[in-house]
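# Inside the fold
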Amino acid sequence: MALETNAAKHVMNAPETLVSDSIKGLCYANPHLRLLEEEKVVYYANVDEMALNQVTLISGGGSGHEPGYAGLVGEGCLAANVSGHVFASPSSSQVLAAIERVKSPHGTLVIIMNYTGDCLNFALAVERAKTRGIKVDLIAVGDDIAVGKSKNTKVGRRGMAATTLAIKLAGALASRGATLEQVKEITQYAIDNSATIGVALDHCHVPGSSSFSQLGPHEMEIGMGIHNETGFLKANMMPAKELVVKMMNMLVDQHDSDRSYLNLSSDETQSVVLLVNNLGGIPMVELNLVVKEAVDYITSHKLKLERVYVGPFVTSLNMPGFSLSLLVVDHSRNILQLLDQQVHVSGWPLTAAQSFSDAIHGDNSAAIKSPELVIEEYHGQVIETAIRGATNSVIAAEPRITDYDTILGDGDCGQTLKTAALAIQEAIPSLDLTSAPKTILGIADVIEHSVGGTSSAIYCIFFNALASGLLKYAKPSVDASVWVLAAKHALSTLMTYTKARVGDRTLMDTLCPFIDTLNEDATNVDQAVQAAREGTNSTCNLSAKLGRSSYLSNKEVLESGIPDAGAYGLAEILDGLVASL
């Protein structure tokens with residue numbers, strides 16, 4: 001139900017400026033921080049010295065989860081954090097600005113929480129950075145056990161408070177001179193050996209929205225996500241001990257095949273770390289009670305409790321709730337030593353500024369320009385004709401794409417593709433058509449700045465990887481065989497950032513057959529387009545595993561008898577592209 005209550009009141013100037021104003025205040029209170037205001041990037045003031053000696057770390061995502069993760073920027077931890085709007089991923093351009101500012105010759109690792117928008121936009125920034133010669137990698141932390149394995153086979157676990165532990169371990173190891181591969185490996189260890197479950201007594205309210213859902217007066221929700229996502233169980237209020245026992249049982253149960261992520265030994269030598277996280281609206285007197293019950297549970301279940309961390313680590317605005325996280329400790333990896341290593345950040349533990357300074361604004365002096373991408377003169381008229389053919393085709397198909405997406409989606413797919421196509425046509429005079437890679441990167445930039453959402457990020461990741469592939473396989477000319485190799489490289493790269501595959505009822509049902517059918521000399525392009533169209537048609541008989549339509553019943557999807565809108569739109573693009581050539 002949607003209600004307007006006193007809970008909807010917020011301290012702010014305006015919803016649009018809340019995030020910018022907030023991170024300025026953070027920098028005022030912490031003189032070791034600097035700010036790239038336009039990109040909403042907070043970075044460590046001494047990052048240039050840090051980058052000379054070690055791998056640098058970047059995190060980020062939607063705001064509203066403070067102190068995560070701007071509160072972990074500083075010596076021995078993150079080099080930078082990128083803030084999006086409340087509960088919304090930052091753009092790839094924001095992330096790229098952070099990567100360029102804190103890049104290190106030893107490498108840079110981007111650590112994010114596992115949410116689709118963050119994964120795609122941060123992935124796009126990483127791929128763009130790679131085309132500029134920056135050594136960078138990406139890893140997404142998933143630790144929530146609320147959504148079981150049978151449901152999250154594609155999307156994986158959501159990122160929650162154990163991400164803080166992953167970042168702390170990675171930061172400590174990086175400061176000791178570890179390689180990029182070693183730092184990523186310790187982060188993966190934290191992912192594989194941690195688990196989190198949360199509970200909320202009510203939903204939080206997003207600043208600027210006119211209404212919000214609320215739980216009943218005697219109701220709580222176990223497993224609610226940090227963006228108000230539905231949990232797996234609504235229950236009546238219960239005593240703290242009963243609630244904590246229920247949650248801890250979920251974390252340590254070795255027989256629950258759907259939610260068992262921790263490998264716990266049966267003897268008393270198994271060491272664990274406990275993190276009790278305030279989701280934003282729980283008084284400390286109540287949170288300390290939760291700590292007491294959780295510690296009592298662990299010690300009574302023959303686990304060796306090594307450390308307890310308590311406080312707001314990853315919040316959800318003003319959500320009245322908390323989460324419990326467990327991390328299994330492998331002593332051979334020096335986990336405790338890494339956690340104990342002193343850091344100078346505001347979020348681990350909270351510290352007060354020793355002096356005040358309004359000198360918070362940084363600069364982009366370390367940003368670099370794209371390397372020269374011209375391979376050799378390219379037939380500009382040919383590539384312009386191909387671009388116009390592809391864009392005209394999808395513009396003409398917009399009504400049908402919109403119709404398909406209205407029936408099974410949210411109705412915006414056709415307009416999104418049309419808007420991007422029109423923007424690309426308008427930008428053609430400014431594209432460097434003498435360079436295939438520059439043209440592709442230019443198109444990707446136009447798409448990102450003209451439309452948003454998941455489909456934009458997918459196309460942009462593919463195009464950035466396609467440009468990288470052209471540079472990788474050029475010999476020195478960009479002929480048909482190079483395009484095919486680059487397309488295969490781009491598809492492979494895209495598949496590292498999305499779980500969508502053939503059979504999932506997405507645009508991958510069109511893209512994969514097209515690329516897989518091409519020979520290295522690309523002589524069978526007509527057959528490739530036919531394979532793509534057949535792949536599109538096959539989605540009429542597929543249940544959805546990803547995307548908006550995955551929330552509908554299989555019966556509703558199958559009985560519609562229509563193809564996936566995104567797959568159909570891509571088929572129109574390929575038809576127009578090939579027909580023009």
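Residues numbered from 1 in each chain as written. Predicted model: local features only at pLDDT ≥ 70, side-chain atom pairs only at ≥ 80, totals over all residues. Heavy atoms only, no water.

### Looking at the UniProt feature "binding site: substrate" (unreviewed entry) in the protein
Convention followed: UniProt positions are given in the numbering used here, feature names are shortened, and annotations may be inferred rather than shown by experiment. Only DSSP runs of H or I covering at least 4 residues are called helices, and only runs of E covering at least 2 are called strands; the numbering of each starts at the N terminus. For the exposure calls, accessible area comes from a 1.4 Å probe over protein chains only, and a residue counts as buried if that area is under 20% of its type's maximum, exposed if over 50%, partly exposed in between. It only takes one pair of heavy atoms within 4.5 Å for two residues to be counted as in contact. N or O atoms within 3.5 Å of each other form a polar contact, as long as, within protein, one can give a hydrogen and the other can take it, and as long as residues adjacent in sequence are counted only when both atoms are side-chain atoms.
The positions UniProt marks with the feature "binding site: substrate" (unreviewed entry) are Gly-62, Ser-63, Gly-64, His-65 and Asp-118. A maximum C-alpha distance of 14.3 Å among these annotated residues, which run over 57 residues, shows that they cluster at one spot. Structurally, Ser-63 is set in strand β4 (residues 56–63). A relative accessible area of 4% means that Ser-63 is categorised as buried. Aside from chain neighbours lying at most four places away, what touches Ser-63 is Val-19, Ser-83, Gly-84, His-85, Val-86 and Phe-87. Engagement of the side chain of Ser-63 in a polar contact is seen with the backbone oxygen of Gly-84, the distance being 2.7 Å. Topologically, Gly-64 is positioned in the loop between β4 and β5 (80–86). What makes Gly-64 buried here is its relative accessible area of 4%. Excluding its chain neighbours within four sequence positions, the residues that come into contact with Gly-64 are Phe-87, Thr-315, Ser-316 and Leu-317.

### Things to note about the confidence of the model for the protein
Note the following rule: Per residue, pLDDT captures the predictor's confidence, and it can take any value from 0 to 100.
On average, the protein scores 90 in pLDDT, and the residues at 70 or more come to 93%. Contacts from residues 351–356, a stretch scored under 50 in pLDDT, to residues over four places away or in other chains number 8 contacts.

### Points about the sheet that holds strand β6 (residues 108–113)
Short version of the rule: Two strands pair if DSSP finds at least two bridges between them. Helix axes use the C-alpha atoms of the stretch in contact, all axes being lines fitted to C-alpha atoms, and the angles between their N-to-C directions lie in the range 0 to 180 degrees.
One open sheet accounts for 6 strands, arranged β2-β3-β5-β4-β6-β7; its pairing is mixed. Both edges of this open sheet fall to β2 (33–36) and β7 (136–141), since each of them pairs with a single strand only. The sheet shows a mean angle of 20 degrees between the axes of neighbouring strands, taken without regard to direction. Strand contacts of helix α6 (residues 180–192): β4, β6 and β7, with the helix running at about 5 degrees to β7, the strand carrying the most contacts.

### What to know about the packing of helix α14 (residues 453–473) against helix α15 (residues 480–497)
Counted only if it meets this: Roughly parallel refers to an angle under 35 degrees, roughly antiparallel to one over 145, roughly perpendicular to one between 65 and 115, and oblique to any angle outside these ranges. A clockwise turn of the near helix away from the far one marks a right-handed crossing, whereas an anticlockwise turn of less than a right angle marks a left-handed crossing. Put simply, Ala, Val, Leu, Ile, Met, Phe, Trp, Tyr, Cys and Pro go in the nonpolar bin, Asp, Glu, Lys and Arg in the charged bin, and everything else, Gly too, in the polar bin.
Where α14 contacts α15, the axes come no closer than 7 Å and their chain directions differ by 135 degrees. Judged on the interaxial angle alone, α15 and α14 are oblique. Considering only the axes of α14 and α15, their crossing is right-handed. Residue-level inspection shows Ile-458, Ile-461, Phe-462, Ala-465, Leu-466, Ser-468, Gly-469, Leu-470, Lys-472 and Tyr-473 of α14 in contact with α15, the latter providing Val-482, Trp-483, Leu-485, Ala-486, Ala-487, His-489, Ala-490, Leu-491, Thr-493, Leu-494 and Tyr-497. Among the residues making up the contact of α14 with α15, the classes are represented as 16 nonpolar, 4 polar and 1 charged.

### Overview of a nonpolar patch on the surface
The test is simple: Here the term patch refers to residues with relative accessible area over 30% and no salt bridge, with like charges joined within 9 Å and nonpolar side chains (Val, Leu, Ile, Met, Phe, Trp, Tyr) within 5 Å. Accessible surface is estimated by sampling points in the Shrake-Rupley manner with a 1.4 Å probe; for residues, cover comes only from the protein chains shown. Any carboxyl oxygen of Asp or Glu that lies within 4 Å of a side-chain nitrogen of Lys or Arg is treated as forming a salt bridge with it.
A cluster of nonpolar side chains, contributed by Met-284, Val-308 and Val-310, occupies part of the molecular surface with about 220 Å² of accessible area. With respect to the helices and strands, the residue Val-310 is situated in strand β13 (residues 304–311). On the basis of relative accessible area, Val-310 is assigned to the partly exposed category, the value being 33%.

### Points about the sheet that holds strand β14 (residues 321–328)
The strand order across the open sheet formed by 6 strands is β11-β10-β8-β14-β12-β13, and the pairing between neighbours is mixed. This sheet does not close on itself; its edge strands, each paired only once, are β11 (233–236) and β13. When the angles between neighbouring strand axes are averaged without regard to direction, this sheet yields 20 degrees. Strand direction decides the pairing type here: strand β12 (residues 271–278) and β13, joined by 7 bridges, are parallel. Each bridged residue has a counterpart across the sheet, and for Val-276 the counterpart in β13 is Val-310.

### Observations concerning the side chain of Thr-56
Within the element layout of this structure, Thr-56 appears in strand β4. Given the relative accessible area of 0%, Thr-56 is considered buried. Within polar-contact distance, the side chain of Thr-56 engages the backbone oxygen of Val-102 at 2.8 Å. If we skip the residues at most four places from it in the chain, Thr-56 touches Met-50, Ala-51, Ala-79, Val-102, Lys-103, Ser-104, Gly-107, Thr-108 and Leu-109.

### Topic: the pattern of salt bridges
According to the stated counting rule, one finds 23 salt bridges in the structure shown. Ionic pairing is found between Glu-448 and Arg-128, a salt bridge with its closest N-O pair at 2.8 Å. Here Glu-448 is found in helix α13 (residues 436–450), whereas its partner Arg-128 is found in helix α4 (residues 116–131), with 320 residues between them in sequence. Exposure class is identical for Glu-448 and Arg-128. Each is buried.

### Quick notes on the domain arrangement of the protein
Frequently, the measure chosen for interface size is the accessible area that the parts lose on association. What counts, and what does not: Note that the domain bounds reflect an automated or database-derived domain assignment. By buried area we mean the combined loss of accessible area, with a 1.4 Å probe, across both parts when two parts are placed together.
With domains assigned, the protein is organised as domain 1 (17–187) and domain 2 (380–579). Put simply, the middle of domain 1 and the middle of domain 2, counted by C-alpha atoms, are 29 Å apart. If you look at the interface, domain 1 gives 15 residues, while domain 2 gives 17 residues. With both sides pooled, the region where domain 1 packs onto domain 2 buries about 1500 Å², and carbon together with sulfur makes up 59% of that total. When the buried surface of domain 1 facing domain 2 is broken down by residue, Leu-120, Glu-127 and Lys-154 rank first, second and third, together holding 46% of it. Ranked by residue count, the leading element in the side of domain 1 that touches domain 2 is α4, at 10 residues. A class-by-class count of the residues in the side of domain 1 that touches domain 2 yields 5 nonpolar, 6 polar and 4 charged.

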